[in-house]
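Results of the structural survey
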Amino acid sequence: MHKISLKDWVVLLTIIPTTLIGLGIAGYFSYSRYVELEEFLTLRSQSIIEPIAIASADPIINKDREKLRHLIGFAHRSHANIVKSIAVFTKDNQIFVTSAYHGDTNVMRIKAGKNIPQNTHLEKLDNYLIFRTPIIDETHQVKNLEELKGNPTVVGYIAMQIDRDKIKYRQQSQFLIAFSIVIFGSLLSAIFAFQLIKNVTRPVTSMVNAVDRIREGKLESRVSGQLIGELNFLKNGINAMAQSLGDYHDEMQRSIDQATIDLRESLEQFEIQNVELDISKRKAQDANRVKSEFLANMSHELRTPLNGVIGFTRQVLKTPLSETQRDYLQTIERSANSLLAIINDILDFSKLDADKMIIENIPFSLRDSVEETLTLLAPIAHQKNLELSLRIAQQLPDFLIGDAMRIKQVIINLANNAIKFTEKGLVSIDIDSEHIDEKLAVFKITVTDTGIGMNSEQQKSIFEAFGQADKSITRLYGGTGLGLVISQRLAREMHGDIGFITEENRGSTFWFSFQCEVNPLPMTSMLDTKALVDKNILYYEPITHSRMATSEILAGWKMKVTPVTSLEQFSNALAQNNCYDFALIGHDVTPSALTDLKKLIASVKPQISAIHLAINSNSPNLQEALIANGAVSCLSKPITPSRLCKVLLPQPAHGVKLLPEVASKKIPIKVLAVDDNDANLKLIKALLLEQVSEVITASNGQEAVTLCQNEKFALIFMDIQMPVMDGVTALKAIRSNTFNEDTAIIAVTAHALSSEKEKLLVEGFDSYITKPLDETMLRHTLYEYGNLELFALRPDEASSDDKLSQSSDIQLRAETPPEVIDVITPEPMQAEANPYDFGSIEVINWSLALQRTGNNSELAKEMLDGLLQSLPETKVNIEYALNNQDTERLKTLIHKLNGACCYTGVPNLGKITHQIETALKNGESAEALEPEFFEFFEHLDKVLHQAPQTLKILSES
């Protein structure tokens, strides 16, 4: 806002008020004088015309013009200074006599149609006043009734024209005199005001300037001159202030100089402390790195022998044993599994704490993943005779892209806790969505139990690491206290959250949310339930949650469901309707209930032949006994759609199968695969030929560039480390001067750290996939990045090798001899084993080899044989590189071997090779990896020893 200066205030308070007051007074008195002159002229005119009107009555009656002319002429001459003309008009508005024959009598005449006024009437013109007065005959006798009422007899009227010029001149003179006085007063006021400004504002301005100079640091500035009154006191005060500021500034400068010296000394001390802190920080970081390495190494070192303990314990359990020996061995197995779970938790916590946990984006089936998880958890719940129930909202998408393993890990942690802290009752799992669109979906999984719950104090520490509700809980139920901490961090890594609602002795409800991409490419079809449409099923289940979950599944299949909650309702339903196609009975398996269940089967069998049971037990003997008693099937709870469909429609074709349009039809496109390893290239080609019409191969980047210069491909799969020309160089050459500058190029590597994966994308690769190639991920990549419409081959362009049978029922199956499995693959881990343990004690896993070759047994044998032939030379080259400390050569050899191991069933050799390559890429020296190389050569020798026997058995089969 603009500030008004002192000079402006002086003007506002002196000149302007004086001028306004003068104008007001002058205006008032000028107007008053103006009105007085107007009234004076009117009164004087009336005093002239009215006597003439009285004297004119007889002459106009007697028509004595000379007398009347003499009268008005005398009056005109007597008042010639204001009177311009006088005229007498008869009653009929005719001129009778006038005092000025050259005047305009028409102006003085009353307008036609108007009556003669009864009194003196005034009409104002621009420069004249017209006065008209009636001439009344007062001596005439009254002759009619109207005259009796007092109306006079008018015989004519007199009009007089008055000149206003002199009056207007006097009025204007009054205005000029008044406003001249105002102007004079304003000028006089201005003179005094400017004199005041000179004596006050100028000194004030000089003092303001002096203060500004002082504020700018010019402390030697002073206000000079002799001032009057208070201004002189103000001047002395400013000068004294400047002197004080100068003295203070000098003192402050001395203090600053001293403080600068002290600060310089302090900075030197701080620098020394910073160096010490930096050294301490580095030591702490080294210690943290050593801790992480120690945890990872110890986890590996502990898990390897633990897997051996668990595996061989199970092998021993297969042999004839006494009951005591079997009990001891089972105790050993349970203890080893518990220890393995603790080690896995500590390793996961260490990864999360170091921000090294990687959330994968891999296509998966939500329902399949949840069913796999609950299959592992069900035996634990059944041992405690708990009801385990699963409900998945029917509208949820099933085909997603995310980290299924981590999702299952969180579900297992929450469900395990629910089962652990629940002695009786129900553990239910509900899966619903918070948001779904075409690209993303946010899911919410809720686990509810009827267990011990938590009090307010226990709730505060539930998400603290290495802690549980309290020490007694730890002693009673066991565990490290890391499960919920890991689950919370995993949920947040997947863009979700975790929370709970609990009440002591009333149970708990834990929920967690996570985000996944919706996979536009279905991996499997929905269950084929057309044969179940409109089928009647009588469903008995006393547990509300289980009944609702299963009823929703059956209703989704368009079956006619009759749910009942008691045996009485069950009997009534049978009595009312004898046309049920199926009976589904949910029941517990307590000793007292088992007999009732058998009786119930026997009573229902005559009316409903297809009786299916769902019990909270996974005992094969119990299930066989119930089936032998008359049931068609016996399911272990929780009931899942795939298992329920399988028992209701037990034909092989009614299971979950690949979509015909995805699995049984090849995509009519041409794909280029580039890899320097002949075995890997052969496998990639075989896997691709199962899904696309034509595959062209190249063994290095230069060959790939040459091919791309001659023809266009729908998609290119490019290995990274190759001789002649590596994958990155080939990518740039293809992008710059070939027909495939817009073709999507996918990086294929046996090992890639997260930073390397990001680097590949920055280099220009559209995406990347890691070896071994997963068929589902490969199919997803083909549909996502292959421009199918643009690159589709015409039917006549497809090679003859690709024109295979398109039937969805024809799939490659490997017929593996039982003796091979017995020799090379141990018994699978029981349900209690940790689902995230990827260690294995076997030398050669033939099932894994089949899986990685698309169930092509011949190709799997060829890949294993190729690895076996290359291992002796690889071993010699690696030993030579180690002896000569040739790290780069060592990296190349290890990387190549890692790629070969990805496609053959040698899990232990592949795992240690992968571990060594990771360490080498992270900059660790070969000397630091000496223990790993000892283990590496040990596994390599085992493969060299075991592989020939395996190949021999496979060849003879």
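**Section: the environment of Thr-14**
Turning to its location among the elements, Thr-14 is positioned in the loop between helix H1 (6–13) and helix H2 (15–55). Residues contacting Thr-14, with those up to four places away along its chain left out, are Ser-189 and Ala-193.

**Overview of the packing of H2 against helix H7 (residues 165–215)**
Contact geometry of H2 with H7 gives a least axis separation of 9 Å together with a crossing angle of 170 degrees. On the basis of their axis angle, the class for H2 and H7 is roughly antiparallel. The two elements H2 and H7 cross, and the hand of that crossing is right-handed.

**Details of the pattern of salt bridges**
Following the criterion strictly, the structure yields 23 salt bridges and no others. Across the salt bridge formed by Arg-132 and Glu-123, the nearest N and O atoms sit 2.8 Å from each other. Exposure remark for Arg-132: the relative accessible area of 5% places this residue in the buried category. Note on Glu-123: relative accessible area 24%, which makes it partly exposed. Across the pair Asp-941 and Lys-875 runs a salt bridge whose closest N-O atoms are separated by 2.8 Å. In this pair, Asp-941 is assigned in helix H32 (residues 930–956) and Lys-875 in helix H29 (residues 857–883), connecting sequence segments 66 residues apart. In this structure, a network of salt bridges that share partners links the residues Glu-387, Glu-541 and Lys-637.

**Observations concerning the sheet that holds strand E22 (residues 767–770)**
Taken in spatial order, the five strands make up an open sheet running E19-E18-E20-E21-E22, and their pairing is parallel. Across the chains shown, the open sheet's two edge strands, defined by having one partner strand only, are strand E19 (692–698) and E22. Across the sheet, the axes of successive neighbouring strands diverge by a mean angle of 25 degrees, strand direction being ignored. One ladder, built from four bridges, connects strand E21 (residues 744–749) with E22; its direction is parallel. Bridging across to E22, Ile-746 finds its partner in Ser-767.

**Side note on the pairing of strand E8 (residues 399–402)**
Every other side chain in a regular strand lies on the same face of the sheet, so the side chains alternate between the two faces. Judged by which residues are buried, E8 turns out to be covered on both faces: Phe-399 and Ile-401 on one side and Leu-400 and Gly-402 on the other are all buried. When strand E6 (residues 362–365) meets E8, the two strands line up antiparallel, connected through four bridges. When the bridges of E8 are listed, Pro-363 appears paired with Ile-401.

**Remarks on the packing of aromatic side chains**
In total, this model carries ten aromatic pairs according to the counting rule given. Centroid distance Tyr-28 to Phe-29: 5.3 Å. Interplanar angle 75 degrees. Geometry classified as edge-to-face. Residue classification places Tyr-28 among the exposed residues on the basis of a relative accessible area of 55%. Here Phe-29 falls in the exposed class, since its relative accessible area comes to 53%. Three or more aromatic residues joined by ring pairs make a cluster, and in this case those are Phe-443, Phe-512 and Phe-514. Note that Lys-444 overlies the ring of Trp-511, its terminal NZ or CZ placed 4.9 Å from the centroid.

**Overview of the sheet that holds strand E14 (residues 560–564)**
Reading across from one edge, E14-E13-E15-E16-E17 is the order of the five strands in this open sheet, with parallel pairing throughout. The open sheet is flanked by E14 and strand E17 (633–636), the only strands paired with a single partner. Across this sheet, the average inter-strand angle for adjacent strands is 20 degrees, counted without regard to direction. Summarising the sheet, strand E16 (residues 611–615) and E17 pair through four bridges and their orientation is parallel. Its bridge partner lying in E17, Leu-613 is registered against Cys-634. Contacts between helix H18 (residues 620–628) and the sheet are confined to E16 and E17, with E17 contributing the most and set at about 150 degrees to the helix. Sitting on the sheet, helix H19 (residues 641–648) is in contact with strand E15 (582–587), E16 and E17, with an inclination near 175 degrees to E17.

**Remarks on the nonpolar core**
Proteins that are soluble and globular tend to have nonpolar side chains buried together. Judged by nonpolar contacts, the single largest core of 44 residues is most densely connected at Ile-407, Leu-414, Ile-429, Ile-431, Phe-443, Phe-512 and Phe-514. For this core, the element with the highest residue contribution is helix H11 (residues 404–420), accounting for nine residues. Setting aside its immediate chain neighbours within four residues, Ile-431 contacts Leu-366, Val-370, Leu-390, Arg-391, Ile-392, Ala-393, Leu-396, Lys-444 and Ile-445. With 29 residues, the next largest nonpolar core counts Leu-868, Leu-871, Leu-897 and Ala-900 among its residues.

The rules behind the values
Along each chain, numbering runs from 1 in the same order as the chain's sequence is written. Reporting of local features is limited, given that this is a predicted model, to residues whose pLDDT is at least 70; pairs of side-chain atoms are given and counted only at 80 or more, and all residues count toward the totals for whole chains, interfaces and linings. With hydrogens and water stripped out, all remaining heavy atoms of the structure feed into the side-chain values. Working definition: helices are DSSP H or I runs of at least four residues, strands are E runs of at least two. Numbering for both runs from the N terminus. Note on contacts: a residue pair is in contact if any heavy atoms of the two residues lie within 4.5 Å. Here an angle of 0 to 180 degrees is reported between the N-to-C directions of two axes, which are lines fitted to C-alpha atoms, with helices fitted over the stretch in contact. By definition in this entry, angles of less than 35 degrees are roughly parallel, angles greater than 145 are roughly antiparallel, angles of 65 to 115 are roughly perpendicular, and the rest are oblique. Whether a crossing is left-handed or right-handed is set by the direction in which the near helix is turned from the far one by less than a right angle, anticlockwise for left-handed and clockwise for right-handed. When a carboxyl oxygen of Asp or Glu lies within 4 Å of a side-chain nitrogen of Lys or Arg, that pair is called a salt bridge. A 1.4 Å probe rolled over the protein chains alone gives each residue an accessible area, and that area as a share of the maximum for its type sets the label: buried under 20%, exposed over 50%, partly exposed in between. A strand pair is defined by DSSP finding two or more bridges across the two strands. For this analysis, a ring pair means two rings from Phe, Tyr or Trp (six-membered ring only for Trp) whose centres lie within 6.5 Å, classed as stacked if their planes differ by under 30 degrees, edge-to-face if by over 60, and tilted for the remaining angles. Either the NZ atom of lysine or the CZ atom of arginine qualifies as a charge over a ring when it sits within 6 Å of the ring centre and within 35 degrees of the ring normal. Nonpolar cores are built from buried Ala, Val, Leu, Ile, Met, Phe, Trp, Tyr and Cys residues. Side-chain atoms within 4.5 Å join them into one set.

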